[in-house]
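Single-letter residue listing:
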Amino acid sequence: MTQDELKQKVAHAALPYVKNVGIIGIGTGSTVRHFIDYLADFKADIEGAVSSSEASSEHLRKVGIPVLDLNAVGTLEVYVDGADEINPLKQLIKGGGAALTREKIIAAASKQFVCIADGSKRVDVLGAFPLPVEVIPMARSYVARELVKLGGQPVWRENCVTDNHNHILDVHNLNIVEPIKLEQIINNITGVVCVGLFAARPADVVLVSNGEEILTF
Ligand code: 5RP
């Protein structure tokens, strides 16, 4: 199976988690795109979705699912999203699609976070995937210097402006042995909007497609 077929397969496996849930949270990325495609078949049962990016909002509208404002709907029952890395504690690196801040907001506002990914995303220790950090544009160089002090090598994701009009630094060479602590430290750097470490609020359920089987933990 190709990586995209694995993404499609795991997206399909997440459908039972949104059965009879009126309003759902929706993440961003190629795995979630497959999930939205499947949702189109169930749109009669779905009141709407809170979306983590302009790209997902556009796709949701295209398949006929109303996009709702989180402020108007309150706590969400279920949030479905992908990840760039997943450790055995269900802690994640996210933000490869530059949507980390809205993704983290929806995860925080949801009772159950269902993470869907192909098997290549599983790791023992987070950090081989460069850690995305969303920053206020004028703080980019300052934040980069602070990240170097933490042992990382930040690289500006040029030509990328987030949906919140900010910039992304991708931090290479981090061996993240204490994810909750590092999440706190990076979030406390002035000028950081959000770090793509989802450790204090990890996923609740992870579905991973490995060949023919779906691993759930
Ligand atoms: C976007 C994300 C995505 O969930 C992550 O990049 C995984 O994407 P894909 O499903 O395309 O592999 O965090 O900001």
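Details of the structure are given in the entry above.
One structure accompanies this document, and this report is about it. (Residues numbered from 1 in each chain as written. Predicted model: local features only at pLDDT ≥ 70, side-chain atom pairs only at ≥ 80, totals over all residues. Heavy atoms only, no water.)

**Re the environment of Glu-5**
And step 1. Note on placement: Glu-5 falls in helix α1 (residues 3-13).
And step 2. Residue classification places Glu-5 among the partly exposed positions, given a relative accessible area of 39%.
And step 3. Sequence separation of Glu-5 and Phe-217 is 212 residues, and the distance between their C-alpha atoms is 21 Å.
And step 4. Among the polar contacts made by the side chain of Glu-5, one reaches the main-chain amide nitrogen of Thr-2 at a distance of 2.9 Å. (Helix = DSSP H or I, 4+ residues; strand = E, 2+ residues; numbered from the N terminus. Buried < 20%, exposed > 50% of the residue type's maximum accessible area, 1.4 Å probe, protein only. Polar contact = N/O pair within 3.5 Å; in protein donor to acceptor, adjacent residues only side chain to side chain.)

**Side note on the pattern of salt bridges**
Any two side chains of opposite charge can pair if their charged atoms end up close together.
And step 1. Taken as a whole and assessed by the stated rule, the structure comprises ten salt bridges.
And step 2. The salt bridge partner of Lys-94 is Glu-103, with a shortest N-O separation of 3.1 Å. Across the pair, exposure class does not vary: Lys-94 and Glu-103 are buried alike.
And step 3. For Arg-201, the salt bridge is made with Asp-204, and the minimal N-O distance between the two is 3.0 Å.
And step 4. Members of the salt-bridge network, linked through shared partners, are Asp-81, Lys-94 and Glu-103. (Salt bridge = Lys/Arg side-chain N within 4 Å of Asp/Glu carboxyl O.)

**What about the site of the ligand?**
And step 1. Close contacts around the ligand come from 17 residues, with Ser-30, Thr-31, Asp-84, Gly-95 and Lys-121 the closest.
And step 2. Against a free-state accessible area of 370 Å², the protein chains account for coverage of 91% of the ligand.
And step 3. Within the shell around the ligand, the residues separate by chemical class into three nonpolar, eight polar and six charged. (Near = heavy atom within 4 Å. Areas by Shrake-Rupley, 256 points an atom, 1.4 Å probe, with all protein chains shown as cover. Nonpolar A, V, L, I, M, F, W, Y, C, P; charged D, E, K, R; others polar.)

**Side note on the sheet that holds strand β4 (residues 85-86)**
And step 1. If you walk across this open sheet you meet the three strands as β4-β5-β11, and the pairing is antiparallel. In this open sheet, the two strands that pair with only one neighbour each are β4 and β11 (197-198).
And step 2. Two elements, strand β5 (residues 92-93) and β11, share two bridges in a ladder whose sense is antiparallel. Each bridged residue has a counterpart across the sheet, and for Leu-92 the counterpart in β11 is Phe-198. (Pairing = 2+ DSSP bridges.)

**Quick look at the sheet that holds strand β12 (residues 205-210)**
And step 1. Pairing in this open sheet of six strands is mixed, and the strands run β2-β1-β3-β6-β12-β13 from one edge to the other. Strands at the two margins of the open sheet, each flanked by one partner only, are β2 (48-51) and β13 (213-216). Pairs of neighbouring strands in the sheet enclose a mean axial angle of 25°, with direction left out of account.
And step 2. One ladder, built from four bridges, connects strand β1 (residues 23-26) with β2; its direction is parallel. Bridge pairing links Ile-26 to Ser-51 in β2.
And step 3. Sheet strands in contact with α1 are β6 (110-118), β12 and β13, and its direction is about 140° off that of β12. (Axes fitted to C-alpha atoms, helices over the stretch in contact; angles between N-to-C directions. Contact = heavy atoms within 4.5 Å.)

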